[in-house]
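# Observations on chain architecture
Each chain, written out:
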Amino acid sequence: MTQSSDHHVPDGLRTRGTVIVVPGRGETRATYARLGSRLAYDAYRVRVVDLPTADPAAVAPFLDALARRLSEAVDGIAAETSDGLPRPLVLVGSDLGAAGLAALLAGASPTAAWWPQAAVLAGLPGNGSRAGGRWEDELDIRTHCPTHRGVLTGDATVERGALADAVPQDLLDAAYASAAGIPHLLLVGDADPLADHDALARAAKTLPKARLTVVRGAHHDVLNDLQHRSVAAEIVTFLEALRNELIPAVAVETSTW
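Presented here is a report on the structure given in the accompanying data block.

The rules behind the values
- Residues numbered from 1 in each chain as written.
- Predicted model: local features only at pLDDT ≥ 70, side-chain atom pairs only at ≥ 80, totals over all residues.
- Heavy atoms only, no water.
- Helix = DSSP H or I, 4+ residues; strand = E, 2+ residues; numbered from the N terminus.
- Rg over C-alpha atoms; globule rule 2.2 N^0.38 Å.
- Contact = heavy atoms within 4.5 Å.
- Areas by Shrake-Rupley, 256 points an atom, 1.4 Å probe, with all protein chains shown as cover.
- Lys, Arg positive; Asp, Glu negative; His and termini not counted.
- Charge placed at Lys NZ, Arg CZ, Asp CG, Glu CD.
- Phe/Tyr/Trp six-rings, centres within 6.5 Å; stacked < 30°, edge-to-face > 60°.
- Buried < 20%, exposed > 50% of the residue type's maximum accessible area, 1.4 Å probe, protein only.
- Arc of directions from axis to C-beta.
- 1 Å grid on protein atoms, 1.4 Å probe; cavity = no way out; pocket = protein on both sides within 12 Å on 5 of 7 lines; lining within 4 Å.
- Points joined across faces, edges and corners; volume = space filled by probe spheres on them.
- Nonpolar A, V, L, I, M, F, W, Y, C, P; charged D, E, K, R; others polar.
- Salt bridge = Lys/Arg side-chain N within 4 Å of Asp/Glu carboxyl O.
- Axes fitted to C-alpha atoms, helices over the stretch in contact; angles between N-to-C directions.
- Parallel < 35°, antiparallel > 145°, perpendicular 65-115°, else oblique.
- Left-handed = near helix turned anticlockwise from the far one by under 90°.

When its secondary structure is counted, the chain shows eight helices and seven strands. Taking 2.2 N^0.38 as the reference for a compact globule, 257 residues should give roughly 18 Å; the C-alpha atoms of the chain span a radius of gyration of 17 Å, in line with that estimate. With the principal axes as the frame, the chain shows a C-alpha extent of 55 × 50 × 40 Å. A separation of at least 24 residues holds for 80% of the contacts in the chain among residues at least 6 apart in sequence. Approximately 11,600 Å² of the chain is accessible, and the part contributed by carbon and sulfur atoms is 51%. The average position of the 23 basic charges and that of the 31 acidic charges among the side chains of the chain differ by 3 Å.

Laid out in structure tokens, this is it:
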């Protein structure tokens, strides 16, 4: 059984849905402890899974491994209560995790047990994008948040230099070609040197239901940069709108700023 990190809804609150998070290159489940805790506090059941160890260059086996990982996560959470899995189910991926989810959604059947009601793709890499250099250089590409830089540096299981290997082209081609009909939230930092902003804009137009959100000043680890509070709020807003046929609960009528 795959190990996972769980973040539970506080006692006394009704669970509003389930979120499964898939990390990116070099990251671990601990990378998303802050995000998971924050979403759980807003009454969403969160499970962070490991990125599959299968080689992503072999696209089909990698996606099969990812699908099995999602199925394990869904089955495990569903078994916790007599009511089954709290829905909506939303898949969140970062970097390679985002590319894997997008490619999987492009070709899988909506009848799969893990098939979600929505997806959040954060820091989807551009074609051929990679980053070499020292650890400090990699940190600068990932995040300028001092707390998160400390988390990454202090985690002995984080794979330093993982961004030096580009995400395989075949996997990215499948990810960017996806036309999956579920709602998507695409998140990217405007200071992300690994992003292809034009390709993301095209992908947002290809997907039937998509919102592309650009985070000012954020770098590649857009879920864990200095703007992490605003990014988490954007995700919660998306989750809440999903529960209401994509109609936001709050709308600005007038403003002078």
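Additional details are given in the paragraphs that follow.
On to the packing of aromatic side chains, then. Taken as a whole, this structure holds one aromatic pair when the rule is applied. Measuring from ring centre to ring centre gives 5.8 Å for W114 and W115, while their planes differ by 40°; the resulting arrangement is tilted. The class of W115 is buried, set by a relative accessible area of 12%.

Here we take up helix α6 (residues 169-176). Residues of α6 that are buried: L171, L172, A175 and Y176. For α6, the angular spread of buried residues about the axis comes to 125°, placing them on one side. Check the buried side of α6 and you find it contacts α2 (59-78), α3 (96-107) and α7 (197-206).

As a further point, take empty space enclosed by the protein. For the structure shown, the criterion picks out one cavity of 30 Å³ or more. Along the walls of the largest cavity sit A102, L121, L124, A175, Y176, S178, L186, A203 and L207, which together make up its complete lining. Across the lining of the largest cavity, the residue classes tally to eight nonpolar, one polar and no charged.

Take the pattern of salt bridges next. All chains considered together, the criterion is met by 14 salt bridges. In this structure, the salt-bridge partner of D6 is R47, at a minimum N-O distance of 2.6 Å. In this pair, D6 sits in strand β1 (residues 4-7) while R47 sits in strand β3 (residues 44-49), placing the two residues 41 residues apart along the sequence. Members of the salt-bridge network, linked through shared partners, are D6, R45, R47 and E80.

Moving on to the side chain of E234. With respect to the element layout, E234 can be found in helix α8 (residues 228-242). On the accessibility criterion, E234 (19% relative accessible area) is buried. Filtering out sequence-adjacent residues up to four positions away, E234 remains in contact with L185, L187, R211 and T213.

Take the packing of α3 against α6 next. As a packed pair, α3 and α6 sit with axes 7 Å apart at the nearest point and diverge in direction by 60°. When the axis of α3 is compared with that of α6, the two are oblique. The interaxial crossing formed by α3 with α6 has left-handed handedness. Here L96, A99, G100, A102, A103 and A106 of α3 come into contact with α6, specifically with L171, L172, A174 and A175. By residue class, the composition of the contact of α3 with α6 is nine nonpolar, one polar and no charged.

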